[in-house]
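Remarks on the overall topology
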Amino acid sequence: MAFSDNSVRKSLIPSYLYTGRSSNLTTLDHHDKMDSSSQPSVFPSPSSTMSKKPFLVAAPKEGSGSGSGSGYKVEMYTPAFYAASTVGGILSCGLTHTAVTPLDLVKCNMQIDPAKYKSISSGFGVLLKEQGIRGFFRGWAPTLLGYSVQGACKYGFYEYFKKYYSDLAGPENAVKYKTLIYLAGSFSAEVIADVALCPFEAVKVRVQTQPGFARGLSDGLPKFVKAEGAAGLYKGIVPLWGRQIPYTMMKFASFETIVEQLYKHVIPTPKEQCSNTTQLGVSFAGGYLAGILCAVVSHPADNLVSFLNNAKGATVGDAVNKLGLWGLCTRGLPLRIFMIGTLTGAQWGIYDSFKVFVGLPTTGGAAPPAQK
């Protein structure tokens, strides 16, 4: 394994955040190796971090329990690491949201016009009869672009803020309050991500729920701006935050916790000895379970986003009067649970697959014993 000689390693967040093979996490110079029985400190002191050379975290493919990978190595918490996280986020969110466009289309129409789209099956039937097969993918362009930029910000900034808040908390508190760090990191990332997503989401909803409005993003965006002004693209930013921030906080914090518990109680083999296939399977399972929780906590705001973006001048009060509080919480929920569970599981699978490809370990794992 090659190591860089011209950069200085910064302090790390707890090793359980990126559990690789611990025996590969030693720092080497040209002549000496650490004794294989010793383990590096999870939180090295400032003086020791300045005196040691940077290391590369071993990908799961390295070691007895792993398969082959790309051969690339990305050093943790460098620009290359955050770039890899950003690209992984683009792939995981952009591709998956586009793939489930038909489900999203039916869900949005059920939320906007429950009298016409009474159920999932009848909703698909109505769309098929009125618009044909091609109608199921109406709005795919704003979906692809919008959720690609959102995914880039969501995952890239989550990795950044997770380390940033861990460094602020210090070694002991970073371990003790790891869940709060997950929540704070995902909150901060999603605030930024939704600013990028909001204009695309506004156009997407209008295209999907008003068939005669526009064919897609290229003609829908200028038509939307002409009708409501540029500020109209951000009319739904507050309910979008209300939907996406709880969703993302649940998505990341519950995923990290679920994966840790799966390795602790379900998987009979320690993570570092599991194959790539097993680790990525755990990522998908953890993501799917986290997605179910995400759908439930964010669904009322999702109904509001669809309602507000569908009609000019619509208010939250209008949505409550038309759908009722129970309708806000339940209208389209079964379909959204299926959609978000599948979506979130696939996102974590794609994201961690990309991390493995560039030489990084999969996300999450068993936490180390508490330091005395």
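The structure this text deals with has already been given above.
Below is a short write-up of the structure. (Residues numbered from 1 in each chain as written. Predicted model: local features only at pLDDT ≥ 70, side-chain atom pairs only at ≥ 80, totals over all residues. Heavy atoms only, no water.)

Take the overall build of the protein next. The helix and strand tally for the protein stands at 12 helices and zero strands. Counting from the amino terminus, the protein carries its helices and strands in the arrangement α-α-α-α-α-α-α-α-α-α-α-α. Expressed as a percentage of its 372 residues, the buried residues of the protein come to 52%. By sequence separation, contacts in the protein at least 24 residues apart represent 80% of the contacts at least 6 residues apart. Only carbon and sulfur atoms are counted for the fraction: they give 65% of the accessible area of the protein, which is about 16300 Å². (Helix = DSSP H or I, 4+ residues; strand = E, 2+ residues; numbered from the N terminus. Buried < 20%, exposed > 50% of the residue type's maximum accessible area, 1.4 Å probe, protein only. Contact = heavy atoms within 4.5 Å. Areas by Shrake-Rupley, 256 points an atom, 1.4 Å probe, with all protein chains shown as cover.)

Turning our eyes to something else, we now look at the pattern of salt bridges. All chains considered together, the criterion is met by 15 salt bridges. D219 is the partner of R215 in a salt bridge, and the nearest nitrogen-oxygen pair spans 3.8 Å. With relative accessibility at 69%, the residue R215 sits in the exposed group. The partner of D302 in a salt bridge is R243, and the shortest N-O contact between them spans 2.7 Å. In this pair, D302 sits in helix α10 (residues 276–310) while R243 sits in helix α9 (residues 237–266), placing the two residues 59 residues apart along the sequence. (Salt bridge = Lys/Arg side-chain N within 4 Å of Asp/Glu carboxyl O.)

Our focus in this paragraph is the side chain of Q347. Here Q347 shows up in helix α12 (residues 333–357). In this structure Q347 comes out as buried when scored by relative accessible area, which is 1%. Residues within four places of Q347 in sequence aside, it is in contact with S92, C93, T96, H97, Y155, Y247 and K251.

On to the packing of aromatic side chains. In this structure the tally under the stated criterion is 18 aromatic pairs. Positioned above the aromatic ring of F213, the side-chain terminus of R206 is 5.5 Å from the ring centre. Taking the ring centre of F213 as reference, the NZ or CZ of K223 above it sits at 5.2 Å. (Phe/Tyr/Trp six-rings, centres within 6.5 Å; stacked < 30°, edge-to-face > 60°. Lys NZ or Arg CZ within 6 Å of the ring centre and 35° of its normal.)

Next up on the list: empty space enclosed by the protein. Across all of its chains, the model carries one cavity of 30 Å³ or more by this definition. Empty space within the largest cavity amounts to approximately 190 Å³. Contributing elements (two or more residues each) for the lining of the largest cavity: α3 (101–112), α5 (140–169), α7 (178–209), α9, α10 and α12. Broken down by element, the lining of the largest cavity gets its largest block of residues, five residues, from α12. Its residues assigned to classes, the lining of the largest cavity comprises seven nonpolar, seven polar and nine charged. Split by domain, the residues of the lining of the largest cavity number at least three in each of domain 1 (74–234) and domain 2 (239–364). (1 Å grid on protein atoms, 1.4 Å probe; cavity = no way out; pocket = protein on both sides within 12 Å on 5 of 7 lines; lining within 4 Å. Points joined across faces, edges and corners; volume = space filled by probe spheres on them. Nonpolar A, V, L, I, M, F, W, Y, C, P; charged D, E, K, R; others polar. Domains from an automatic or database assignment.)

Glancing now at a nonpolar patch on the surface. A contiguous nonpolar surface patch, about 450 Å² in accessible area, is contributed by F157, Y160, Y164, L168 and I192. Sort the elements by how many residues they give to the nonpolar patch and α5 lands first, with four residues. Along the polypeptide, Y160 turns up in helix α5. In this structure Y160 comes out as partly exposed when scored by relative accessible area, which is 37%. (Patch = residues over 30% accessible without salt bridge, like charges linked within 9 Å, V, L, I, M, F, W, Y side chains within 5 Å.)

In this section: unusual backbone geometry. In this structure, Y77 is a non-glycine residue whose phi angle is positive, near 60 degrees. Secondary-structure assignment places Y77 in the loop between α1 (46–51) and α2 (79–99). Among the residues examined, Y77 registers a relative accessible area of 13% and is labelled buried.

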